[in-house]
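What follows is each chain in one-letter form.
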2 protein chains.
Amino acid sequence: MNWLDEIRWDDQGLVPVIAQEVSTGDVLMFAWMNREALQRTAEIGEAVYYSRSRRRLWHKGEESGHTQKVHDIRLDCDNDVVLLKVTQTGHEPGIACHTGRHSCFFQRYEAGQWHSVEPVLKDPGQIYKN
Amino acid sequence: MNWLDEIRWDDQGLVPVIAQEVSTGDVLMFAWMNREALQRTAEIGEAVYYSRSRRRLWHKGEESGHTQKVHDIRLDCDNDVVLLKVTQTGHEPGIACHTGRHSCFFQRYEAGQWHSVEPVLKDPGQIYKN
């Protein structure tokens with residue numbers, strides 16, 4: 001059986017994907033892949049997602065230069081969630097979030113409110129300048 | 001604005017949730033929450049998910065005793081994914097997966113196939129004996 005056929009794609013042909021930084025263990029971002037995106041990721045060793053808003057493959061870093069080198073591709077017990085272990089390239093420390101932060105998960109719940117608790121490492125206007 | 005109203009619930013009123021072990025950084029599992037589940041999680045400091053198959057709240061560990069103590073609740077940049085930092089209780093090392101493994105992400109892609117690469121720590125028949 002083809003490894004891609006073992007995945008339980010949802011009714012839109014997608015699977016949720018978690019990207020985790022291999023060196024720190026930080027969860028960097030969450031995105032989606034279709035079959036082609038996952039196949040391409042395995043082929044080139046860099047994260048290729050499916051953008052639901054743009055309805056096309058999205059090679060992470062194609063605009064920002066902040067690609068993700070993929071070390072490990074994991075699948076969960078229900079065959080319907082993928083976990084990537086990655087190195088976030090292009091900046092030190094890595095910037096995975098479009099806001100210029102290290103991780104997308106920078107809002108922390110505290111006493112009934114969300115608080116931004118991680119710094120912007122680079123101005124998004126400088127990241128996406130073209 | 002109520003913190004729960006800031007979340008972009010999907011068309012089924014759910015949000016995807018990643019549970020990460022606070023001590024090791026390991027990604028343990030992926031599940032869903034509705035508004036009530038997230039509110040309850042914040043209130044009691046233990047992970048309460050929404051089971052899509054059973055269509056009801058699911059207090060993680062209610063059958064297995066393997067509850068998740070919640071240290072941190074994070075929200076991503078798009079306000080549509082939650083990350084919990086947890087201690088997986090009830091066994092040492094923690095068992096988050098219904099297969100009796102530490103993490104649900106125990107299948108590793110290698111050379112065109114998925115391989116199980118994490119041991120079963122406890123027989124699921126012993127975990128769910130009632």
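Further up the page is the structure itself.
By convention here, each chain's residues receive numbers from 1 onward along its written sequence. Think of it this way: whatever chain is written first is A, whatever ligand is written first is 1, and the rest follow in order. This being a predicted model, a pLDDT of at least 70 is required before a residue's local features are given, and a value of 80 or more before pairs of side-chain atoms are given or counted; all residues contribute to the totals for chains, interfaces and linings. Note that the side-chain values use all heavy atoms of the structure and ignore hydrogens as well as water.

Engineer: Give me the lowdown on the pairing of strand β4 (residues 56-59) of chain A, citing residues and values where you can.
Structural biologist: All names here are of chain A. For two strands to be treated as a pair, DSSP must find no fewer than two bridges joining them. The numbering of helices and of strands both runs from the N terminus, where a helix is a DSSP run of H or I of at least 4 residues and a strand a run of E of at least 2. Of the pairings in the sheet, the one linking strand β3 (residues 48-51) to β4 comprises 4 bridges and is antiparallel in character. Looking at β4, one finds that valine 48 is bridged to histidine 59. Adjacent in sequence and paired antiparallel, β3 and β4 are bridged by 4 residues, among which arginine 55 carries a positive phi angle near 55°.

Engineer: Describe the relation of the copies chain B and chain A, with residues and values.
Structural biologist: C-alpha atoms of residues with pLDDT of at least 70 in both copies form the basis for the least-squares superposition of the copies. Between chain B and chain A, the superposition needs a rotation of 180° and an axial shift of 0.0 Å, giving an RMSD of 0.0 Å. The two molecules are tied by a two-fold rotation axis, judged by turn and shift. Minimal C-alpha separation from the rotation axis in chain B is found for glycine 25 of chain B, amounting to 2.5 Å. Throughout, a contact is declared for two residues whenever any of their heavy atoms are within 4.5 Å. By residue overlap, the copies meet face to face through one surface: 100% of the interface positions of chain B are interface positions in chain A.

Engineer: Outline the sheet that holds strand β6 (residues 82-88) of chain B, listing residues and values.
Structural biologist: Pairing is mixed across the open sheet formed by 6 strands, whose spatial order is β8(A)-β7(A)-β5(B)-β6(B)-β1(B)-β2(B). Each edge of the open sheet carries a strand with a single partner, namely β8 (113-116) of chain A together with β2 (27-33) of chain B. Recorded for the sheet is a direction-independent mean angle of 35° between the axes of neighbouring strands. Here strand β1 (residues 15-21) of chain B pairs with β6 of chain B via 5 bridges, running parallel. A fitted line through C-alpha atoms represents every axis, and for helices the fit uses only the stretch in contact; the resulting angles, taken between N-to-C directions, go from 0 to 180 degrees.

Engineer: Can you explain the packing of aromatic side chains? Please cite residues and give values.
Structural biologist: For this analysis, a ring pair means two rings from Phe, Tyr or Trp (six-membered ring only for Trp) whose centres lie within 6.5 Å, classed as stacked if their planes differ by under 30 degrees, edge-to-face if by over 60, and tilted for the remaining angles. The full count for this structure, using the stated rule, is 11 aromatic pairs over all chains. Judged by centre distance (5.3 Å) and plane angle (45°), the rings of tyrosine 49 of chain A and tryptophan 58 of chain A are tilted. Partly exposed residues are those whose accessible area sits between 20% and 50% of the maximum for their type, while under 20% is buried and over 50% is exposed, using a 1.4 Å probe and protein chains only. A residue is classified by how much of its surface remains accessible, and tyrosine 49 of chain A, at 1% relative accessible area, is buried. Pairing phenylalanine 30 of chain B with tryptophan 32 of chain B gives two aromatic rings, centres 5.7 Å apart and planes at 85°, and the pair type is edge-to-face. The exposure classification of phenylalanine 30 of chain B matches that of tryptophan 32 of chain B, with both residues buried.

Engineer: Can you lay out the sheet that holds strand β6 (residues 82-88) of chain A for me, pointing to particular residues and giving the numbers?
Structural biologist: Taken in spatial order, the 6 strands of this open sheet run β2(A)-β1(A)-β6(A)-β5(A)-β7(B)-β8(B), and their pairing is mixed. The outermost strands of the open sheet, each flanked by one partner alone, are β2 (27-34) of chain A together with β8 (113-116) of chain B. Averaged over all neighbouring strand pairs, the angle between strand axes comes to 35°, with direction disregarded. Summarising the sheet, strand β5 (residues 68-75) of chain A and β6 of chain A pair through 7 bridges and their orientation is antiparallel. Residue pairing across strands places leucine 75 of chain A opposite valine 82 of chain A, the latter belonging to β6 of chain A. In the packing of helix α1 (residues 35-44) of chain A onto the sheet, the strands contacted are β2, β5 and β6 of chain A together with β7 (107-110) of chain B, and the crossing angle to β2 of chain A comes to about 120°.

Engineer: So what's going on with the interface of chain B and chain A? Residues and values would help.
Structural biologist: Contacts between the two partners involve 37 residues from chain B and, on the opposite side, 37 residues from chain A. When chain B packs against chain A, the two sides together hide about 3,200 Å² of surface, and 64% of this comes from carbon and sulfur. Each reported salt bridge corresponds to a side-chain nitrogen of Lys or Arg within 4 Å of a carboxyl oxygen of Asp or Glu. Residues glutamate 118 of chain B and arginine 74 of chain A are paired through a salt bridge, measuring 3.6 Å at the closest nitrogen-oxygen approach. Any pair of N or O atoms that falls within 3.5 Å is considered a polar contact. Within protein, one atom must be able to donate a hydrogen and the other to accept it, and sequence-neighbouring residues count only if both atoms are side-chain atoms. Between the two partners, chain B and chain A, sit 18 residue pairs in polar contact (both at pLDDT 80 or more). Tallying contributions element by element places strand β5 (residues 68-75) of chain B first for the side of chain B that touches chain A, with 5 residues. Here β5 of chain A pairs with β7 of chain B via 2 bridges, running antiparallel. If you follow arginine 74 of chain A over to β7 of chain B, its bridge partner there is arginine 108 of chain B. Once two parts are joined, some of their accessible surface, as seen by a 1.4 Å probe, is lost; buried area is that loss totalled over both.

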